[in-house]
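# Working through the structure, step by step
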Amino acid sequence: MSPLWLLTLLLAPSQALPFEQKGFWDFTLDDGLLMMNDEEASGSDTTSGVPDLDSLTPTFSAMCPFGCHCHLRVVQCSDLGLKTVPKEISPDTTLLDLQNNDISELRKDDFKGLQHLYALVLVNNKISKIHEKAFSPLRKLQKLYISKNHLVEIPPNLPSSLVELRIHDNRIRKVPKGVFSGLRNMNCIEMGGNPLENSGFEPGAFDGLKLNYLRISEAKLTGIPKDLPETLNELHLDHNKIQAIELEDLLRYSKLYRLGLGHNQIRMIENGSLSFLPTLRELHLDNNKLSRVPAGLPDLKLLQVVYLHSNNITKVGINDFCPMGFGIKRAYYNGISLFNNPVPYWEVQPATFRCVTDRLAIQFGNYKK
């Protein structure tokens, strides 16, 4: 993996798909946020955008840790079996890649002098301990990738410049109040794959955050967490143990564009629950235990994609998806998945999908008991 390629990927505009990581660099935000304008997607503060390219001009510092590759202010020290953060890192380093090593601790002075660091990659190490001042020198850090480690808590005193935090696949059970305080520029947190229960979120844990994107998938949630940021455009809670969506569960999240609730145990969605999501474009409810199409879909005028496959739906009514009358829906569906449901699809009336762009956008059949 060349340092220049790593730099190119990190400097590319962030985009977000449902999280399916095939390789480390696969989890930047996908084209779902392209539906928003640039200011909404990246935040109005200049620290949330791409760094000034003029500051990334080549330097020819002789400092480069043994065994690492250094080029264009990128220091790549991955896959070296390192036990600690290496010394002799050039102070003008912008990207430091330490993934796939055996680092177990981040000490107080490990990043001393790295005041220009923009991205720090610590994925797939054995980190279980982080000194409370380990990140203090990193005054310009915007991306911190510390997934697949042994952390039992969110690191304290994260840099106030941070925009993106990837901390999934650790051992975190609690999100205390104040752990994100001062992070005014943060817009993306990926914290799935941790053994988090609903009781693990202290009241006010997300106070002050203005997130666009939050993923808490593959955890132990039994309901939608309370008091998540009202600013969210994407919320992914797939692969949990959520059993129902109650009336006020989604009350706070009127700015959602995409909601991921696939691979849960949802049997019931209370009438009116979806009415709080007027800007919703994409809804994932696949692989649950629903017995009918959720009420309220026709009232979501911007909804374009609905995943309902692999449920227990036995009937599809003529008004389950489309509003009655013409000109009411502002965006037609371009994807409705209903396959692997016990629906006698030959009984579904063609008018049921009168607000779908193309018949190929509808997926039926292939039900197996």
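Description of the structure in this document. The structure presented is a predicted model; accordingly, all values stated were derived computationally and were not measured. (Residues numbered from 1 in each chain as written. Predicted model: local features only at pLDDT ≥ 70, side-chain atom pairs only at ≥ 80, totals over all residues. Heavy atoms only, no water.)

### Let's talk about the pattern of salt bridges
For the coordinates displayed, the defined rule picks out 13 salt bridges. Measuring nitrogen to oxygen at the nearest pair gives 3.3 Å for the salt bridge that ties Arg215 to Glu190. Here Arg215 is found in strand 10 (residues 213-215), whereas its partner Glu190 is found in strand 9 (residues 188-190), with 25 residues between them in sequence. Look at Arg215 and you get buried, because its relative accessible area is 2%. The residue Arg252 makes a salt bridge to Glu230 at a minimum N-O spacing of 3.4 Å. Of this pair, Arg252 sits in the loop between strand 12 (244-245) and strand 13 (258-260) while Glu230 sits in the loop between strand 10 and strand 11 (234-236); the two residues are 22 residues apart in sequence, bridging distant segments of the chain. Residue classification places Glu230 among the partly exposed positions, given a relative accessible area of 46%. Within the structure, one salt-bridge network assembled from shared partners comprises Lys83, Asp102 and Lys126. (Salt bridge = Lys/Arg side-chain N within 4 Å of Asp/Glu carboxyl O. Helix = DSSP H or I, 4+ residues; strand = E, 2+ residues; numbered from the N terminus. Buried < 20%, exposed > 50% of the residue type's maximum accessible area, 1.4 Å probe, protein only.)

### A short note on the packing of aromatic side chains
Each aromatic ring pair is characterised by the separation of its centres together with the angle its planes make. For the structure shown, the criterion picks out 8 aromatic pairs. Aromatic side chains Phe180 and Phe206 sit 5.7 Å apart centroid to centroid with 25° between the ring planes, which places their arrangement in the stacked category. With Phe180 in the loop between strand 8 (164-166) and strand 9 and Phe206 in the loop between strand 9 and strand 10, this residue pair connects regions lying 26 residues apart in the sequence. When its relative accessible area of 1% is taken as the criterion, Phe180 is described as buried. Overall, the relative accessible area of 3% leaves Phe206 in the buried class. Aromatic rings pair up to connect Phe321, Tyr333, Tyr345, Trp346, Phe353 and Phe364 into one cluster. (Phe/Tyr/Trp six-rings, centres within 6.5 Å; stacked < 30°, edge-to-face > 60°.)

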